[in-house]
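# Architecture and fold: a report
Chain by chain, the residues run as shown.
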Amino acid sequence: MTAIQDDIAGFVEQNKGEMVKWRRHLHQNPELSFHEEETSQFVYDTLQSFGNLEVTRPTTTSVMARLVGEHPGETIAFRADMDALPIQEENTFEFVSKNPGVMHACGHDGHTAMLLCTAKILSGLKDQINGEIRFLFQHAEELPPGGAIQMVEAGVMDGVDKVIGLHLLPTMETGTLAVDSGPMQSAVDNFDIKIIGKGGYGASPHETIDSLAIASQVVSNLQHIVSRNTDPFDVLALSVTKINSGAVDSTAAYNVIPETIELGGTVRSFNTELLGTIPNVMERIIKGITDAHGATYEFQYKKGYLPVINDEQVSGQVRESLIEVFGEENVQKAKAIMPGEDFSVFLQKAPGTYFYVGDGNKEKGMVYPLHHPRYTIDEDALEIGVKAFINIAFKLLK
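My aim in this report is to walk through the structure given alongside it, one point at a time.

Basis of the calculations
What you see as residue numbers is a count from 1 along each chain, following the sequence as written. Predicted model: local features are reported for residues with pLDDT of at least 70 only, side-chain atom pairs are reported and counted for 80 or more only, and whole-chain, interface and lining totals are derived from all residues. Excluding hydrogens and water, the side-chain values take into account all heavy atoms of the structure. Elements are defined by DSSP. Helices are runs of H or I of four residues or more, strands are runs of E of two residues or more, and each kind is numbered from the N terminus. Take the number of residues in a helix, subtract one, and multiply by 1.5 Å to get its expected span. Note on classification: 1.4 Å probe, protein chains only; a residue is buried when its accessible area is under 20% of the maximum for its type, exposed when over 50%, partly exposed between these limits. N or O atoms within 3.5 Å of each other form a polar contact, as long as, within protein, one can give a hydrogen and the other can take it, and as long as residues adjacent in sequence are counted only when both atoms are side-chain atoms. Here, two residues are considered to be in contact whenever any of their heavy atoms come within 4.5 Å of each other. In this description, strands pair whenever DSSP reports at least two bridges between them. Only the stretch in contact is used when a helix axis is fitted, and all axes are lines through C-alpha atoms; the angle between N-to-C directions ranges over 0 to 180 degrees. Only Phe, Tyr and Trp rings are paired, with Trp represented by its six-membered ring, and only when their centres lie within 6.5 Å; those with planes under 30 degrees apart are stacked, over 60 edge-to-face, the remainder tilted.

### Concerning helix H9 (residues 380-396)
The end-to-end C-alpha distance of H9, which contains 17 residues, comes to 25 Å, matching closely the 24 Å that a straight helix rising 1.5 Å per residue would cover. Where burial is concerned, most of H9 is hidden: 15 out of the 17 residues are buried.

### Remarks on the side chain of Ser 33
Inspection of the secondary structure puts Ser 33 in the loop between helix H1 (3-28) and helix H2 (37-48). For Ser 33, a relative accessible area of 9% translates into the label buried. A polar contact of 2.7 Å, which involves the side chain of Ser 33, links it to the side chain of Asp 83. Residues in contact with Ser 33, not counting those within four places in the same chain, are Asp 83, Ala 84, Ala 140, Glu 142 and Leu 143.

### Thoughts on the environment of Gln 88
Secondary-structure assignment places Gln 88 in the loop between strand S3 (71-81) and helix H3 (108-123). For the pair Gln 88 and Arg 57, spaced 31 residues apart in sequence, the C-alpha separation works out to 30 Å.

### Regarding the sheet that holds strand S13 (residues 296-302)
Ordered by their spatial adjacency, 4 strands build an open sheet running S10-S12-S8-S13, and the pairing between neighbours is antiparallel. The strands lining the two open edges of the sheet, one partner per strand, are strand S10 (236-244) and S13. Averaged over all neighbouring strand pairs, the angle between strand axes comes to 20 degrees, with direction disregarded. As defined by bridge partners, S10 adjoins strand S12 (residues 260-269) across 8 bridges and the pair is classed as antiparallel. Opposite Val 240, over in S12, you have Gly 265 as the bridge partner. Set on the sheet, helix H5 (residues 211-228) makes contact with strand S8 (187-196), S10 and S12; between it and S10 the angle comes to about 170 degrees. In the packing of helix H6 (residues 272-292) onto the sheet, the strands contacted are S8, S10, S12 and S13, and the crossing angle to S13 comes to about 170 degrees.

### Considerations on the packing of aromatic side chains
Enumeration over the complete set of coordinates arrives at 8 aromatic pairs. Here Phe 355 and Phe 389 contribute two aromatic rings whose centre-to-centre distance is 6.3 Å and whose plane-to-plane angle is 85 degrees, an arrangement assigned as edge-to-face. Note that Phe 355 is positioned in strand S16 (residues 352-360) and Phe 389 in helix H9, a separation of 34 residues in sequence. Within the aromatic cluster, the residues linked to one another by ring pairs are Phe 343, Phe 346, Tyr 354 and Tyr 356.

### As for the environment of Leu 168
Residue placement: Leu 168 occurs in strand S5 (residues 162-173). Along the backbone, Leu 168 and Ser 344 are 176 residues apart, and their C-alpha atoms lie at a distance of 17 Å.

Here's what the structure looks like:
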């Protein structure tokens, strides 16, 4: 390690206890997407206490801090997401969520705490920084259309040369990191379908247009889009995840054929051109089946987040930085995965990289996946994320 890397490690160690306190405060007080009022105020006030930062509120529930170095150079941005999920927490530690039905189950409390710690340390190193660093604390990552697009529209990426984001990942052990160029996370679209038939008595099915039977054919045939309408070398996932007959009284449902069935689901791919063809193919299938049985339909297809595609050059620089600090044996080649992320919006404005920090720890019982009611962070991973952020900053602004 170089002298500056030794210094960074020391600074992180000095601030780890405070960072853990921030993370636990955030975990105990989660807020849903577009409602991060107390969270954003906490972040704003904490950043203001550091000095050397210009702190602003680009949107009602987001925060940006600018650190302008003593020497000229490029402008880079680091991003952390702050929102929680509508999940009832099942953990039992002392800092569990105080808000019923709301939980930090995706690590955003850790992301925010890591970026706060990064901002604190770098604000004290202003005289060693070439250029500008922006710290973007984003609201509403979990709920499309997402908060990133609002922040970009507010100008947070104006003049930014490179942008960096990370995500804690419990499927990787604490102490490991992963990065690569190219596709990292898929685009995500959603759809709703209503099949409208003619309801009636289950004992007289011939007098009905059975929307449930028709919906079953629709679900089955939509799977042909992946297996028979898509090039095997293209990655596409189409999942019907919801079905609802509208029945309220479960006892009546045994002998009632419903008039309508509502379906919902998601479509994901790294290929936006392929995704653009999917709505027409879906509607052709839905129309053909409903027409064949004398039913009608309603179809809504909702475009979501674009895919996260890492820039080759920036990813190479980030990988070099991580290897210098953590060793090549601890820096994996990241695999593309299918969850969506609106970090993609920032990547439309500047080249950048999105990488992973492992926080799984079997010895501590931290084996639960993201979005699970018992997921929690291995807090030893927090200092790894901060070291990564700070060393990347000096690598990119060398």
